[in-house]
Amino acid sequence: MSSPGPETRGAGAGQAAGGAGCWSRADHAPRAEATLPEAPSPEPPLAPEPRLVAEPPPAPEPPLALELLVHGVAGAAPAELLGDPRTVRVTGDSTAAVFRRTEDADAEAHPGRYRGRPVPEAYCWSRLTSGNGARALWLLLLPFMVANLAHWARPPTPAADPAPRTVRTYGVLVRILALSLTVLLIAAACEVALDLFAWQCAGSGSCTGRRTWLRFLEPGGGWWARPGRRLALAALVPAALTGLLWFLSNRTWSAYESQPPPAGAADPDTASDTAPALGRPGFWYGRRLVARLRAAHTAAGLLTVAAAVAAPTARYDRRAGSPVLEVLGWAAQSLLVAGGLTVAWVVCRRGRTEARADHRLDRAAVTLLPGAALALLAAVLLYACWPRPGWTSAGRLPGDFAFGVLMLGQGVCVLALTGVAAYLHRRAPDPAAALHGLGGPAVAMLGCALGGVMSGGVAQRVADWLDGGATPGMAGAPLPGPPVLLSWQAAVLPPLLLVLALLAAWFAGRGARARRRLAATVAAEYPGEAPDQARSRRIAGARAAAALTDSAPWFVAAVSGITLLLGAGALAGAWISGRVPGEAARGTGSLLESAARAAQDTGSWLIGFGFVLFVTWGRRAYRDPAARRTIGILWDVGTFWPRAAHPFAPPCYAERAVPDLTWRMTGWTGRTGGRLVISGHSQGSVLAAAAVWQLPPPVRRRVALLTYGSPLGRLYGRWFPAYFGPGPLTALHREVDCWRNLWRATDPIGGPVLPGTREGVDRGPLADPLAYGRSAGHPLPAPILGHSDYQADPAFAAERDALLARLGAAARASEPRPGGPSGRSPGEVAGGVPGQRLSKARAVPADPPGTAG
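Residues numbered from 1 in each chain as written. Predicted model: local features only at pLDDT ≥ 70, side-chain atom pairs only at ≥ 80, totals over all residues. Heavy atoms only, no water.

**Q** Quick question: what am I supposed to make of the environment of Val-290 here?
**A** Within the secondary structure, Val-290 is located in helix H8 (residues 287–320). Between the C-alpha atoms of Val-290 and Ser-249, which are 41 residues apart in sequence, the distance is 8.6 Å. (Helix = DSSP H or I, 4+ residues; strand = E, 2+ residues; numbered from the N terminus.)

**Q** For this particular structure, what's the right way to read unusual backbone geometry?
**A** Glycine aside, a negative phi is what most residues show, and trans is what most peptide bonds show. Cis geometry marks the peptide bond from Gly-764 to Pro-765; its omega dihedral reads 0 degrees. For Pro-765, the location among the structural elements is in strand S8 (residues 762–766). That bond from Asp-768 to Pro-769 is cis: its omega, 5 degrees, falls within 30 degrees of zero. If you check the backbone angles, Leu-435 has positive phi at about 55 degrees while not being a glycine. Relative to the helices and strands, Leu-435 is located in the loop between helix H11 (400–427) and helix H12 (439–467). For Leu-435, a relative accessible area of 8% puts it in the buried group. In this structure, Ser-682 is a non-glycine residue whose phi angle is positive, near 55 degrees. Of note, Ser-682 is situated in the loop between strand S5 (675–681) and helix H21 (683–693). Classification of Ser-682 as buried rests on a relative accessible area of 2%. (Buried < 20%, exposed > 50% of the residue type's maximum accessible area, 1.4 Å probe, protein only.)

**Q** Looking at this structure, how should I read the pairing of strand S6 (residues 703–708)?
**A** Note on strand geometry: in a regular strand, side chains alternate between the two faces of the sheet. Among the six residues of S6, six are classified as buried, and the element is accordingly described as predominantly covered. Here S6 shows a buried face lined by Val-703, Leu-705 and Thr-707 and a second buried face lined by Ala-704, Leu-706 and Tyr-708. Note that S6 and strand S7 (residues 739–744) share four bridges and pair parallel. When the sheet's bridge partners are listed, Leu-705 is paired in S7 with Trp-739. (Pairing = 2+ DSSP bridges.)

**Q** Could you clarify how one ought to interpret helix H4 (residues 164–201) in this entry?
**A** The α-helix winds at 3.6 residues per turn, so residues separated by three or four positions along the chain end up facing the same way. In this model, H4 (38 residues) spans 52 Å end to end at C-alpha, consistent with the 56 Å of a helix rising 1.5 Å per residue. At Asp-195, H4 shows its maximal kink, close to 30 degrees. (Expected span 1.5 Å × (residues − 1). Bend = angle between axes of the 7 residues up to and from the residue.)

**Q** Help me understand the pairing of S5, please; the structure alone is not making it clear to me.
**A** Counting buried residues along S5, six of its seven residues qualify, which places the element largely inside the surrounding structure. Inspection of the sheet shows strand S1 (residues 65–70) paired to S5 by six bridges, in the parallel sense. In the strand pairing of S5, Leu-66 is matched with Leu-676. Sheet analysis places S5 next to S6, joined by six bridges and oriented parallel. If you follow His-681 over to S6, its bridge partner there is Tyr-708.

**Q** Just to check I follow, could you spell out a positive patch on the surface for this structure?
**A** There is a patch of like positive charges on the surface, built from Arg-510, Arg-513, Arg-516 and Arg-517. Along the chain, the position of Arg-516 falls in helix H14 (residues 493–519). (Patch = residues over 30% accessible without salt bridge, like charges linked within 9 Å, V, L, I, M, F, W, Y side chains within 5 Å. Areas by Shrake-Rupley, 256 points an atom, 1.4 Å probe, with all protein chains shown as cover. Salt bridge = Lys/Arg side-chain N within 4 Å of Asp/Glu carboxyl O. Lys, Arg positive; Asp, Glu negative; His and termini not counted. Charge placed at Lys NZ, Arg CZ, Asp CG, Glu CD.)

**Q** How should I be thinking about the sheet that holds strand S4 (residues 119–124) in this particular structure?
**A** Strand pairing in a sheet takes place through backbone hydrogen bonds and is either antiparallel or parallel in direction. Reading across from one edge, S2-S3-S4-S1-S5-S6-S7-S8 is the order of the eight strands in this open sheet, with mixed pairing throughout. Of all the strands in the sheet, the pair left with one neighbour each is strand S2 (87–92) and S8. In this sheet, adjacent strand axes meet at a mean angle of 20 degrees when their direction is disregarded. Direction of pairing for S7 relative to S8: parallel, over a ladder of three bridges. Counted as the bridge partner of Arg-744 is Leu-766 from S8. (Axes fitted to C-alpha atoms, helices over the stretch in contact; angles between N-to-C directions.)

**Q** Explanation requested: helix H10 (residues 363–384) in the structure shown.
**A** Here H10 contains 22 residues, and its C-alpha end-to-end distance of 32 Å stays within 8% of the 32 Å for a straight helix at 1.5 Å per residue. For H10, the full list of buried residues reads Ala-365, Leu-369, Pro-370, Ala-373, Leu-376, Leu-377, Val-380, Leu-381, Tyr-383 and Ala-384. An end-on view of H10 places all buried positions within 160 degrees of arc, on one side of the element. In H10, the exposed positions angled more than 90 degrees off the buried face are occupied by Arg-363, Leu-368 and Leu-382. On its buried face, H10 sits against helix H6 (227–234), helix H7 (236–257), H8 and helix H9 (323–349). (Arc of directions from axis to C-beta. Contact = heavy atoms within 4.5 Å.)

**Q** Explain the confidence of the model for the protein chain here, please?
**A** This prediction gives the protein chain a mean pLDDT of 81; 82% of its residues lie at or above 70. Ranking the elements of the protein chain by mean pLDDT puts helix H1 (residues 13–18) last, at 34, and S6 first, at 96. Low pLDDT (under 50) marks residues 266–272, which in the prediction has 10 contacts with non-local residues, meaning those over four places away or in another chain. pLDDT under 50 marks residues 816–853. Its contacts with residues more than four places away, or in other chains, come to 55 contacts. (pLDDT = per-residue confidence, 0-100.)

**Q** What should I look at first to understand the packing of H11 against H12 in this one?
**A** Interhelical geometry of H11 versus H12 gives an angle of 165 degrees and a closest axis separation of 9 Å. Of the possible angle classes, the one that applies to H11 and H12 is roughly antiparallel. The hand of the H11/H12 crossing is right-handed. Contacts from Gln-410, Val-414, Leu-417, Thr-418 and Ala-421 in H11 reach Gly-440, Pro-441, Ala-444, Met-445 and Cys-448 in H12. The class makeup of the residues in the contact of H11 with H12 is seven nonpolar, three polar and no charged. (Parallel < 35°, antiparallel > 145°, perpendicular 65-115°, else oblique. Left-handed = near helix turned anticlockwise from the far one by under 90°. Nonpolar A, V, L, I, M, F, W, Y, C, P; charged D, E, K, R; others polar.)

**Q** Sorry if this is basic, but what is going on with the packing of aromatic side chains here?
**A** This model, assessed by the stated rule, comprises 26 aromatic pairs. Consider the rings of Trp-152 and Trp-641, whose centres lie 5.0 Å apart with planes at 15 degrees: the pair is stacked. You can see Trp-152 sitting in helix H3 (residues 142–152) and its partner Trp-641 sitting in the loop between helix H19 (625–638) and helix H20 (654–672), a full 489 residues away along the chain. In this structure, Trp-152 and Trp-641 share a single accessibility class: buried. (Phe/Tyr/Trp six-rings, centres within 6.5 Å; stacked < 30°, edge-to-face > 60°.)

**Q** For this particular structure, what's the right way to read the nonpolar core?
**A** Soluble globular proteins tend to bury their nonpolar side chains together. Core analysis: the biggest nonpolar cluster contains 148 residues, and Tyr-123, Phe-640, Trp-641, Met-665, Ile-678, Leu-687 and Phe-724 have the highest contact counts within it. When residues of this core are assigned to their parent elements, the largest contribution, 16 residues, is made by H4. With sequence-adjacent residues up to four places away left out, Leu-687 is seen in contact with Val-70, Trp-125, Phe-640, Tyr-653, Ala-654, Ala-657, Val-658 and Leu-661. The next biggest cluster of nonpolar side chains, apart from the first, holds 22 residues, and it includes Ala-122, Leu-742, Tyr-790 and Leu-804. (Core = buried A, V, L, I, M, F, W, Y, C linked by side-chain atoms within 4.5 Å.)

**Q** Explain the pattern of salt bridges to me, please; I cannot follow it from the model alone.
**A** Once their charged atoms are close, side chains differing in charge can pair, the charge on each being opposite to the other. The full count for this structure, using the stated rule, is 23 salt bridges. Glu-121 serves as the salt-bridge partner of Arg-664, at 3.0 Å between the closest nitrogen and oxygen. Residue Arg-664 is found in helix H20, and its partner Glu-121 is found in strand S4; the two are separated by 543 residues along the sequence. Of the two residues, Arg-664 and Glu-121, neither departs from the other in class, the shared state being buried. Note that Asp-660 is salt-bridged to Arg-656, the shortest N-O span being 2.8 Å. Here Asp-660 pairs with Arg-656, and both are found in helix H20, just four residues apart, close to one helical turn. By the burial criterion, Asp-660 is buried, and Arg-656 matches it. Salt bridges sharing partners connect three or more residues here, namely Asp-84, Arg-86, Arg-101, Glu-103 and Asp-104.

**Q** Can you walk me through the environment of Asp-84 in this structure?
**A** Structurally, Asp-84 is set in the loop between helix H2 (78–82) and S2. Here Asp-84 is in contact with Ala-79, Arg-101 and Glu-103, once residues within four sequence places are set aside. Looking at Asp-84, its side chain comes within polar contact range of the main-chain nitrogen of Arg-86, at 2.9 Å. (Polar contact = N/O pair within 3.5 Å; in protein donor to acceptor, adjacent residues only side chain to side chain.)

This is how it looks when you write it as structure tokens:
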């Protein structure tokens, strides 16, 4: 709940008029002259009595106008947004808050000061993504974030037939992919802790001899020297990682997903599946689903650790012929299979609930599922610690098969997701959708590739470190190394990077050609200016670079397609040969053998370099707020969407920011009756549009939307067509008649949102730079602004003032007429409902539901 700000001190007549969302000109009319009766007298008076005329009340102050500024990615300080170093926090906390200039803190008490101009205030939300040092840990969650984006990148469905079963199938496939990424991360941690350290290194005297801190695990070193006990001890590492993921998700769940929308923001009884999703009352309240998925993914992580311990232990017991231990092994594995099936059922059974804000929790799944998995893990660890005198560790743990099954399953899911997305796109073709509706599968493939590179990179680096100067998996290496599949994944990385370099070169050449073509026409856009070839090239270069954004979908498609093909080749090579690429190519010819060895070594080093860079960046981000701010930009773009697929993804800041903005607009207009324009730049325009979608219709009629540098159409409309495509944005335009969007041709992010509409929303492209050369008005060269400083353009103030004027005209047009043909009294509106009547007494309007106190 937001605390009352300075505006509550100005609750007067104007506020009483605005409490019902309307005000009447009849209520403001001056009173008629009042005449006192003359005293009766039989004689005529000597002089006529003077009439006492009551002075008319002072003219009421016009309702205030408010401009609510919302910044974009990378954030901005309140002083920068408001253009004044003296600012005060009106409402909010240290994470996200609304600020005003100090001199405007009591604007509601002095509306006369703001005739003809709005009161500016700024909503600052950047600390939602780049706050404390713990945000650096979010780098580990990058594959989860990308997989979560795939859920929202599905194609739209026809309004007449929304195909709920197909949409549900799409969501189920994405959630299964997200679950596989959790299992992959925990399996990689098990590979490092259990296989490389506890099994291979601890079982080799040469490895423990160079590392004295591991000698208590070597054979003959003590109680922990038994292989099963070593595995049980090492299992605490991936189990702790699972607990850390649970803790981060639970902590952010309380702060983000548990922010309720204002009461009455939308009517759940009238909400339907055909209504735009972002206008549904439960869209930004994912408390129930995230809690359910968090329990399932936590249980999946714990079960993965238990399986990594139970599989080699049960295999030895079957070979050793111990009946009791063999039965225990089969029982443990059976329970693990049953637990895995239960987790899959929980993940697949329920998706999002958007028709209403669902405050319930699935208590059985949230508490019993991770608790049962933890109990099963403890039982497996006790089972592994049982004395087995003849057991020794040799070779690798059975990880090749597990990683291969995971990789194969992810590929099958991506192909199935492609088929579902293609079917949906055929039902409702959207020519602007990225990759003809296949943006979701392409993004999902990138998430799987990131997960594979990160997990394989960790295993490769640790194996290289433990092996000393040898190459893991090659002949003569002291340790067997990580699973063969991870080495094949590393070997396909150099060809992938080569293809990416060729694609980048092709796009760069295309941009250079566009620059030369545009440079020939730039000077003609500035009449009366002398052509300057260098100046024209700079302007044309900015436009050509900005246009490359529109080619990004095909770049992503090329990366995803090549990754899928190379991944399939790596899986086939690993399963067919059973050896690392350098060994598999031995004896096939010097050229092929050298190429395979070079690809393996280069890929290993590239993965190692990337892993070191990743860790260094994360450490720097933990210590340096500036570096943490850079990471925050990445999350600004990637974590706008709720965690519908992966509960361990970085939290959705919009589930805090959108309710904040909705509460602010609803509360301020309800208390003051004033006009409000919400002004959003870049990512802030997406938040502004989402918040306006959530407003009740009476409030929405008092609100105008001004967007600039907005990715609503250019990026969100292409990649997320089901939510920001032409259909939803057209519906938003119908509901918010006062909407204008500014854009520039030099802006790589912003663009038109609804080109070609009859009552145009878009104004652009704006001139950039504002002046071509030096002049009396611009004695110094005008900068090329690109994505920044839209407020420096005169069009900004003009459009903002026009929106406020249009809101005022709409309010005057809706006023009831005194003594009109309907015969209603001046204080009565249609339907016999009494209107607001002004009074000299100080009126305190009722707060919006749920905000009192």
